[in-house]
Amino acid sequence: MNTTPRTALVTGASRGIGAAIARRLAADGFTVVVNYAGAADEADSLVAQIEQAGGRAVAAQADVSDPAAVARMFDGAQAAFGGVDVLVNNAGIMRLATLAESDDALFDSQIAINLKGTFNTLREASRRLRDGGRIVNLSSSVVGLTPPTYAVYAATKAAVESMTQILSKELRGRNITVNAVAPGPTATRLFLDGKPQDVIDRLAKQAPLERLGQPEDIAATVAFLAGPDGAWINGQVLRANGGIV
Ligand code: NDP
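Keep in mind it's a predicted model, so treat the numbers as computed, not measured.

Undergrad: I'd like to hear about the pattern of salt bridges, residue by residue, with values.
TA: All chains considered together, the criterion is met by six salt bridges. The partner of Asp 28 in a salt bridge is Arg 24, with the nearest N and O atoms 3.2 Å apart. In this structure, Arg 128 and Asp 75 form a salt bridge, with 2.8 Å as the shortest nitrogen-oxygen distance. Here Asp 75 lies in helix 3 (residues 67-81) and Arg 128 lies in helix 4 (residues 104-128), a separation of 53 residues in the sequence. The exposure class of Arg 128 is partly exposed, given its relative accessible area of 21%. Through salt bridges with shared partners, one network takes in Asp 75, Glu 124 and Arg 128.

This is the structure:
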């Protein structure tokens, strides 16, 4: 019996970790909805690459912080593919400053995208995901590392971990697992932009495995949770970080 779910919606999949997750899930046999907010060209090019490799994907524009746009995206996936089986909440932004220097825009934007955005998709998914589905939320290892300047960002991710654990219980009886993956420093624009090379090198050496994570490392972890081998993992936060914390 083939128990692999069929349609996966990955938010923030136009680049970085989300794009690697979309590629990996497509290679694993899922039809992938490649969500993006602004980067239509990158999303379209990823869809073309997936299709060239023999996979199936469509791009779907929606700002995850907008509940109506998120509902429309689920409507579209339902109309096109009959439903959604896997939701990966990957869209996120990171704005760093000490609390003393954090302005309202820093706070509001991260709450809107990282927390409300995840809430918006989780609400739709908990109403609509097909039985037997999987939900994977992206947290961050900074919840454990607690480095200075990460207070608001880490707080949004701690909240995502709380919602993960509670939703896993609320979905009792539907055979849907809800887990979080918490990467450490991973080589994407979100991590690399604006950091001097010596800071990048220092952070890369911090984990006992002495390198940065690659988007594919995180995609492999998500694929495990979304695939048949992850069936018994539920309500957990899996840190994928080379042992940094
Ligand atoms: P990137 O900045 O490389 O990519 C972010 C993606 O999110 C883009 O595709 C972007 O698309 C999309 N996005 C941003 N805002 C929205 C929005 N409002 N609605 C829909 N999509 C949106 O980030 P990463 O790949 O590094 O990060 C992915 C996830 O992993 C995030 O949740 C991040 O917090 C988490 N993470 C990353 C770590 C790292 O070191 N890189 C470590 C720990 C966690 P567009 O350009 O179209 O807006």
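Undergrad: Which residues make up helix 2 (residues 40-52), and what values do they have?
TA: Taking 1.5 Å as the rise per residue, helix 2 with 13 residues should run 18 Å; its terminal C-alpha atoms sit 18 Å apart, in good agreement. Among the residues of helix 2, Ala 43, Leu 46, Val 47 and Ile 50 are the ones counted as buried. One side of helix 2 carries all its buried residues, which in axial view fall inside an arc of 100°. Turned more than 90 degrees from where helix 2 packs its buried face, Asp 41 and Gln 52 sit exposed. Residues of helix 2 that are buried in the fold lie against helix 1 (16-27), strand 2 (31-36) and strand 3 (56-61). Just downstream of helix 2 lies Gly 54, where phi reads positive at about 95°.

Undergrad: If you had to explain the site of the ligand to someone new, which residues and values would you point to?
TA: Around the ligand, the structure places 31 residues, and the nearest of them are Ser 14, Gly 38, Asn 90, Tyr 153 and Thr 188. One of the backbone N or O atoms of Gly 38 is found 2.8 Å from an oxygen atom in the ligand. Between the ligand and Tyr 153 there is a distance of 2.6 Å, counted from an oxygen atom to a side-chain nitrogen or oxygen. Starting from 900 Å² of accessible surface for the ligand in isolation, the protein chains cover 93%. Ranked by residues supplied to the shell around the ligand, first place goes to helix 7 (residues 189-192) with three residues. Here the residues of the shell around the ligand are counted per class, giving 15 nonpolar, twelve polar and four charged.

Undergrad: So, the packing of aromatic side chains: which residues are in play, and what are the values?
TA: For the structure shown, the criterion picks out one aromatic pair. Arranged with centres 6.4 Å apart and planes meeting at 65°, the rings of Tyr 150 and Tyr 153 form a pair that is edge-to-face. When its relative accessible area of 7% is taken as the criterion, Tyr 153 is described as buried.

Undergrad: Can you tell me about the nonpolar core, naming the residues and giving the values?
TA: The biggest cluster of nonpolar side chains holds 31 residues, and the ones touching the most others in it are Ile 21, Leu 25, Val 32, Val 34 and Val 88. Looking at this core, the elements with two or more residues in it are strand 1 (7-10), helix 1, strand 2, helix 2, strand 4 (86-89), strand 5 (134-138) and helix 9 (215-226). Among the elements that take part in this core, helix 1 stands out by supplying seven residues, more than any other. Dropping the residues within four chain positions of it, Ile 21 is found in contact with Val 10, Val 88, Asn 90, Leu 138, Ala 219 and Val 222. Of all hydrophobic cores here, the second largest spans 22 residues; its members include Ala 60, Val 64, Met 73 and Leu 87.

Undergrad: How would you summarise unusual backbone geometry if you had to cite specific residues and measurements?
TA: The backbone phi angle of Thr 149 is positive, close to 80°, even though this residue is not glycine. When you line up the elements, Thr 149 lands in the loop between helix 5 (142-145) and helix 6 (151-170). Residue classification places Thr 149 among the partly exposed residues on the basis of a relative accessible area of 29%. Notably, Glu 210 is not glycine yet its phi reads approximately 55°, a positive angle. In this fold, Glu 210 is placed in the loop between helix 8 (197-206) and helix 9. For Glu 210, a relative accessible area of 48% gives the class partly exposed.

What counts, and where the lines are drawn
- All residue numbers refer to positions counted from 1 along the written sequence of the respective chain.
- Under the rules for a predicted model, residues below a pLDDT of 70 receive no local features and side-chain atom pairs below 80 are neither given nor counted, while totals for whole chains, interfaces and linings still include all residues.
- Side-chain calculation: all heavy atoms of the structure are included, whereas hydrogens and water are not.
- Whenever Lys or Arg places a side-chain nitrogen within 4 Å of a carboxyl oxygen from Asp or Glu, that contact is recorded as a salt bridge.
- Secondary structure elements follow DSSP: runs of H or I of four or more residues count as helices, runs of E of two or more count as strands, with numbering from the N terminus.
- Here the term buried applies to any residue with accessible area under 20% of the maximum for its type, exposed to any over 50%, and partly exposed to those in between, with areas from a 1.4 Å probe on protein chains only.
- Multiplying 1.5 Å by the residue count of a helix minus one yields the expected span of that helix.
- Throughout, the arc means that of the directions going from the helix axis to the C-beta atoms.
- Residue contacts are defined here by distance: any two heavy atoms, one from each residue, within 4.5 Å place the two residues in contact.
- Summary of the distance rule: residues count as near a molecule or strand when at least one heavy atom falls within 4 Å of that molecule or strand.
- Within 3.5 Å is the distance limit for a polar contact, defined as a pair of N or O atoms, with the added protein rule that one can donate a hydrogen and the other accept it, and that residues adjacent in sequence qualify only through two side-chain atoms.
- For the area figures, the Shrake-Rupley method with a 1.4 Å probe applies, and any residue is considered shielded solely by the protein chains shown.
- For this classification, the nonpolar set comprises Ala, Val, Leu, Ile, Met, Phe, Trp, Tyr, Cys and Pro, the charged set comprises Asp, Glu, Lys and Arg, and every other residue, Gly included, is treated as polar.
- Planes of paired rings set the category: under 30 degrees apart is stacked, over 60 is edge-to-face and the rest tilted, where pairs are Phe, Tyr or Trp rings (Trp by its six-membered ring) whose centres lie within 6.5 Å.
- By nonpolar core is meant a set of buried Ala, Val, Leu, Ile, Met, Phe, Trp, Tyr and Cys residues that side-chain atoms within 4.5 Å join together.

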